[in-house]
Amino acid sequence: MYLNVEGEGLNLNFEFTREQKMVIDVAAEIARKFGPEYWREKDRKHEFGEECWKALVDAGIVGLMFPEEYGGGGLGMLEMALAIETLAAEGCGLAAPWYLILTSIFGGVTILKHGSKKQKEKYLPMMVKGGEFCMALTEPDAGTNTFNIKTFAKQEGDEYIINGQKIFISGADRAKGMILIARTTPPEKAPKRSLGITLFVVDLPNPAIEVSPIEKHGINYSNSCEVYINELKVPKENIVGEKDRGWYNLLDTLNTERIAFAAACVGIGFLSLKKAVEYAKIRNVFGVPIGSHQGIQFPLAESRAKLEAAKLLTYKAAKLFDENKPCGAETNMAKVVAVEAGIEAVYNSMQTFGGYGYAVEYDVERWWREINLVRLAPVTHQMALAFIGEHVLGLPKSY
């Protein structure tokens, strides 16, 4: 396993370390134990993958990025990306990566990067032991426009009273903790649009927070929920990072979220290609395997090439993050190319299976439902392109 990729300000010319190889091996072992059949059943029954989550916790994958003093592995985002890609590619699809993103990224990265010592001591060991987390950011009337959120935290003495509504908050029905994003200064009083937003950490369940699952098209092994917040009292010591500068504190979380989903999409692409190639070798039509036809070979081969390129860009973004270097451009570009390469790979795999690609028992239709969500979230394809247009190409702001 060897990388040889050079970019401006970055040299990724290295062989995977012993620790990285171990991460890959452990993740592969877990994924093979909880493979497509396991997740097919969990998706059908709308059940959380308790056994897989326990395996991720026991293997130390959940706390991979946390310092050893909190019970973590002391590794970085590159190792987490390797784990996520491997879990997806070896049989889990988006499922196990999804669980890791909710807890290790939303909860873990946010508190690790910007939490107080007290918050780190309380929440990081909790997550290492399997305490699930979620992040409440999206709102019905704001969507991608985070600066337009209406959930408001009013300060009264040493605490804040929070009221508002969130939507599509995955894992909120199970989480023991939530990163809650609220306005602490009205937009009309803030010096600029990006100021006036604050992050809070909140223990769950809480009687002031009502959680209602949303029926959805896929990823039914994890509920996404509407969240209603009514007179929630939060001590000011629960602020994560700086008051009114939550948007800037949130960027580390959003960047790693995009890296993680890019890695997952690469993995799902590899998984679907593997299944398609296996099928194309044994499926005979008109006396020969369908894999002997260029009409089958070329789309699969092109998808493989694009996935390899997306994988390397994802690694580059993760490495930049670990080195505390600017990585916004790379994370958005990785997200764009990995999602599109993954979607194309799953599509080509479905076409290889023909009618069987539509059958639940072959799993490709589930991966198709899963991966198409990632074009919409964690940031829409178009917003990622807008970032690249403005911040990489230097074009005028387009929205």
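I will try to describe carefully the structure that is included in this document. (Residues numbered from 1 in each chain as written. Predicted model: local features only at pLDDT ≥ 70, side-chain atom pairs only at ≥ 80, totals over all residues. Heavy atoms only, no water.)

## So, the overall build of the chain
Across its full length, the chain holds 11 helices and 14 strands. Relative to its length of 399 residues, the chain is compact, with a C-alpha radius of gyration of 21 Å against a globular reference of 21 Å. Counting only C-alpha atoms and orienting by the principal axes, one finds that the chain spans roughly 80 × 45 × 40 Å. Taken over 399 residues, the chain has a buried fraction of 55%. Excluding contacts between residues fewer than 6 apart, the proportion of contacts in the chain whose partners are at least 24 apart in sequence is 72%. Accessible area for the chain stands at about 17600 Å²; split by element, carbon and sulfur atoms hold 52% of it. Positive and negative side-chain charges in the chain, numbering 45 and 50 respectively, have mean positions lying 1 Å apart. (Helix = DSSP H or I, 4+ residues; strand = E, 2+ residues; numbered from the N terminus. Rg over C-alpha atoms; globule rule 2.2 N^0.38 Å. Buried < 20%, exposed > 50% of the residue type's maximum accessible area, 1.4 Å probe, protein only. Contact = heavy atoms within 4.5 Å. Areas by Shrake-Rupley, 256 points an atom, 1.4 Å probe, with all protein chains shown as cover. Lys, Arg positive; Asp, Glu negative; His and termini not counted. Charge placed at Lys NZ, Arg CZ, Asp CG, Glu CD.)

## Focus: the pairing of strand 6 (residues 152–156)
Taken together, the five bridges between strand 6 and strand 7 (residues 159–170) define a ladder with antiparallel strand orientation. Pairing of Gln155 across the sheet is with Tyr160, part of strand 7. Connecting the antiparallel pair strand 6 and strand 7 is a turn made up of two residues, with Gly157 showing a positive phi of about 70°. (Pairing = 2+ DSSP bridges.)

## Focus on the side chain of Thr103
Structurally, Thr103 can be placed in helix 5 (residues 95–114). Judged by relative accessible area, which is 1%, Thr103 ranks as buried. With residues up to four places along the chain from it excluded, the contact list for Thr103 reads Trp53, Val62, Gly108, Met127, Gly131, Glu132 and Phe133.

## Some thoughts on the packing of aromatic side chains
All chains considered together, the criterion is met by 18 aromatic pairs. Ring centres of Trp39 and Tyr99 lie 5.8 Å apart, and the angle between their planes is 65°; on these two criteria the pair is classed as edge-to-face. Taken together, the residues Trp39 in helix 2 (residues 36–45) and Tyr99 in helix 5 connect sequence positions 60 residues apart. Accessibility expressed as a relative area gives 0% for Trp39, which makes it buried. Measuring from centroid to centroid gives 6.2 Å for Tyr99 and Tyr221, while their planes differ by 85°, and the two rings are edge-to-face. With a gap of 122 residues between them, Tyr99 in helix 5 and Tyr221 in the loop between strand 10 (209–214) and strand 11 (224–235) connect regions that are remote in the sequence. For the residue pair Tyr99 and Tyr221, the accessibility class agrees, reading buried in each case. Grouping aromatic residues by their ring pairs yields a cluster made of Phe34, Tyr38, Trp39, Phe48, Trp53, Tyr99 and Tyr221. Stacked on the ring of Phe321, the Lys or Arg Lys113 has its end atom at 4.9 Å from the ring centre. Across the ring face of Tyr399, the terminal group of Lys397 is positioned such that the distance to the ring centre comes to 4.0 Å. (Phe/Tyr/Trp six-rings, centres within 6.5 Å; stacked < 30°, edge-to-face > 60°. Lys NZ or Arg CZ within 6 Å of the ring centre and 35° of its normal.)

## Focus on the pattern of salt bridges
By the definition in use, this model includes 29 salt bridges. Ionic pairing is found between Glu90 and Arg32, a salt bridge with its closest N-O pair at 3.2 Å. With Glu90 in helix 4 (residues 77–92) and Arg32 in helix 1 (residues 18–33), the pair connects residues that are 58 residues apart, well separated along the chain. Under the relative-accessibility criterion, Arg32 is labelled exposed at 58%. Taking the shortest distance from any N to any O, the salt bridge between Glu121 and Lys117 comes out at 2.3 Å. Pair noted here: Glu121 and Lys117 are both in helix 6 (residues 117–128), with a separation of four residues, about one helical turn. Beyond isolated ion pairs, a larger network of salt bridges with shared partners links Arg40, Asp363, Arg366 and Glu370. (Salt bridge = Lys/Arg side-chain N within 4 Å of Asp/Glu carboxyl O.)

## A word on a nonpolar patch on the surface
On the surface, a cluster of nonpolar side chains totalling about 280 Å² of accessible area is made up of Val392, Leu393 and Leu395. On the secondary structure map, Leu393 appears in the segment after helix 11 (381–392). (Patch = residues over 30% accessible without salt bridge, like charges linked within 9 Å, V, L, I, M, F, W, Y side chains within 5 Å.)

## Quick notes on the packing of helix 9 (residues 328–353) against helix 11
Relative to each other, helix 9 and helix 11 sit at 140°, their axes nearing to 9 Å. Taken together, the axes of helix 9 and helix 11 lie oblique to each other. Judged by the sense of rotation from one axis to the other, the crossing of helix 9 with helix 11 is left-handed. Facing helix 9, whose interface residues are Gly328, Ala329, Asn332, Met333, Lys335, Val336 and Glu340, helix 11 presents His381, Ala384, Leu385, Phe387, Ile388 and Val392. (Axes fitted to C-alpha atoms, helices over the stretch in contact; angles between N-to-C directions. Parallel < 35°, antiparallel > 145°, perpendicular 65-115°, else oblique. Left-handed = near helix turned anticlockwise from the far one by under 90°.)

## Quick look at the nonpolar core
Buried together is how nonpolar side chains tend to be arranged in soluble globular proteins. Ranked by size, the top nonpolar core spans 104 residues in total, and within it Trp39, Leu56, Met77, Leu87, Leu94 and Ile181 carry the most contacts. In terms of residue count, the dominant contributor to this core is helix 7 (residues 246–282) (18 residues). Not counting chain neighbours up to four residues away, the residues in contact with Leu94 comprise Ile219, Tyr221, Phe261, Ala264, Ile268, Glu370 and Val374. (Core = buried A, V, L, I, M, F, W, Y, C linked by side-chain atoms within 4.5 Å.)

## Side note on the packing of helix 5 against helix 6
A pair of packed helices can be characterised by two numbers: the angle between their axes and the separation between those axes. Here helix 5 crosses helix 6 at 160°, and the two axes come no closer than 10 Å. The angle between the axes of helix 5 and helix 6 places the two elements in the roughly antiparallel class. Considering how the two elements wind past one another, helix 5 and helix 6 form a crossing that is left-handed. Together, Thr103, Gly107, Gly108, Ile111 and Leu112 of helix 5 and Gln119, Lys120, Tyr123, Leu124 and Met127 of helix 6 make up the contact between the two elements. Class assignment for the residues of the contact of helix 5 with helix 6 results in five nonpolar, four polar and one charged. (Nonpolar A, V, L, I, M, F, W, Y, C, P; charged D, E, K, R; others polar.)

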